[in-house]
Amino acid sequence: MGEGARIHVTDHTFYLAMSYAATAVAIAAELVGLRLRRARALRGIEEERDLEAQD
Amino acid sequence: MNLFYFSSPATFYRLAGWLAPWFFALGAAFTLAGLYIALVVAPTDAQQGEVYRVIFIHVPAAWMSMFLYFVMACYGGLSLTFNTRLAAMMARAIAPTGAMFTFVALWTGAFWGRPTWGTYWVWDARITSELVLLFLYFGFIALSNAFEDPRRGDRAASLLALIGLVNLPIIYFSVLWWNTLHQGSSVSFKGTSMHVSMLWGMLLVAFGFWMYGIGAALTRVRTIILERERRTLWVRELEFT
């Protein structure tokens, strides 16, 4: 087996890292999104409460 | 106990808040245990070398992408049949997590395909039908948010989810129906061709993803309930910490 072919078969780190890192980023992004959306919903409710209190 | 008791958004909001952290904890525990087996215990594959370890994420993510779509469509069907608010909210809550797992399945598949097949992408029946699943998730999310009246969005998106169900058997059986580059199943109800440690690693990660998916859906549905019910008395009286 030539050197180029040997590197092609054994150099797996990039593909593994890209797969595992992308999965971690996707899950982290979803969790951040969940927190941000909840914070936005709570802020909207608080604003409505403030408006009611002023009336 | 009357199960319809939990179909009230006010009751389910509290139940989901209590359950979600447990599902996240279980998800983390099972995923970490599975990844330990996947990256430390499982032997190197005789043909693919180390790159085969991508499948410990790829296969569970692909399973979850199909399973979550099925559950989402069931909630959509419930919503259309019984006109229940909570079922429609659950369908909405599941969609982004299902889309995320579908993306992960496609992405990791590409990074497994490059060193093993020599290409990141091929218009193969299995891969193409999985891409269609991602577009179905996007379509569901877009359609559910396309109407000013959220109930109309619920009905339209639920209908799309039910029609899209036809794609699930196409994904699953594509490797049998067509001559695909994607290989057939290594795991089935009849048995497996994998080493036992590889199988356990994959099953643990799959179970972890499943628990995570439930935790994420429960967390998201709580926010959707707050958004939809913000003018109701019970939400106004809620104490937020």
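Not measured: the values here are computed from a predicted model. (Residues numbered from 1 in each chain as written. Chains lettered and ligands numbered in written order. Predicted model: local features only at pLDDT ≥ 70, side-chain atom pairs only at ≥ 80, totals over all residues. Heavy atoms only, no water.)

Draft legend 1. Representation of the overall build of chain B within the structure. Of regular secondary structure, chain B possesses 8 helices and 2 strands. Along chain B, helices (α) and strands (β) appear in the sequence α-α-α-α-α-α-β-β-α-α when read from the amino end. With the C-alpha coordinates of chain B rotated into their principal frame, the extents come out at 65 × 35 × 30 Å. Considering chain B as a whole, with its 241 residues, one finds that 50% of them fall into the buried category. Within chain B, residue pairs in contact and separated by at least 24 positions form 76% of the contacts whose partners lie at least 6 positions apart. Measuring between centres, the 16 positive side-chain charges of chain B sit 4 Å from its 11 negative side-chain charges. (Helix = DSSP H or I, 4+ residues; strand = E, 2+ residues; numbered from the N terminus. Buried < 20%, exposed > 50% of the residue type's maximum accessible area, 1.4 Å probe, protein only. Contact = heavy atoms within 4.5 Å. Lys, Arg positive; Asp, Glu negative; His and termini not counted. Charge placed at Lys NZ, Arg CZ, Asp CG, Glu CD.)

Draft legend 2. Layout of the environment of A:Tyr20. Along the polypeptide, A:Tyr20 turns up in helix α2 (residues 13–54). Discounting chain neighbours no more than four positions away, the residues touching A:Tyr20 are B:Leu35, B:Ala38, B:Leu39, B:Arg53, B:Val54, B:Phe56 and B:Ile57.

Draft legend 3. The interface of chain B and chain A, seen in detail. In this complex, chain B contributes 38 residues to the contact, which on the side of chain A involves 24 residues. The interface formed by chain B and chain A holds 5 salt bridges in total. Across the salt bridge formed by B:Arg231 and A:Glu48, the nearest N and O atoms sit 3.3 Å from each other. Counting every contact that joins chain B to chain A gives 12 residue pairs in polar contact (both at pLDDT 80 or more). Elements that contribute at least two residues to the side of chain B that touches chain A include exactly α1 (9–41), α2 (55–82), α3 (85–117), α7 (196–228) and α8 (233–236) of chain B. The dominant element in the side of chain B that touches chain A, judged by the number of residues it contributes, is α7(B), at 10 residues. Classifying every residue of the side of chain B that touches chain A by side-chain character gives 24 nonpolar, 4 polar and 10 charged. (Salt bridge = Lys/Arg side-chain N within 4 Å of Asp/Glu carboxyl O. Polar contact = N/O pair within 3.5 Å; in protein donor to acceptor, adjacent residues only side chain to side chain. Nonpolar A, V, L, I, M, F, W, Y, C, P; charged D, E, K, R; others polar.)

Draft legend 4. Seen up close, the pattern of salt bridges. Applying the stated criterion across every chain, the model contains 11 salt bridges over all chains. Between B:Arg236 and A:Glu52 there is a salt bridge, with the nearest N and O atoms lying 2.6 Å from each other. Of this pair, B:Arg236 sits in helix α8 while A:Glu52 sits in helix α2, which puts the two residues in different chains. Assessed through its relative accessible area of 40%, A:Glu52 is described here as partly exposed. Across the salt bridge formed by B:Arg85 and B:Glu229, the nearest N and O atoms sit 2.6 Å from each other. Taken together, the residues B:Arg85 in helix α3 and B:Glu229 in the loop between α7 and α8 connect sequence positions 144 residues apart.

Draft legend 5. Broad picture of a nonpolar patch on the surface. Taken together, the side chains of B:Tyr172, B:Phe173, B:Leu176, B:Trp177 and B:Trp178 make up a nonpolar region of the molecular surface, amounting to roughly 570 Å² of accessible area. Along the chain, B:Trp177 falls in helix α6 (residues 167–177). (Patch = residues over 30% accessible without salt bridge, like charges linked within 9 Å, V, L, I, M, F, W, Y side chains within 5 Å. Areas by Shrake-Rupley, 256 points an atom, 1.4 Å probe, with all protein chains shown as cover.)

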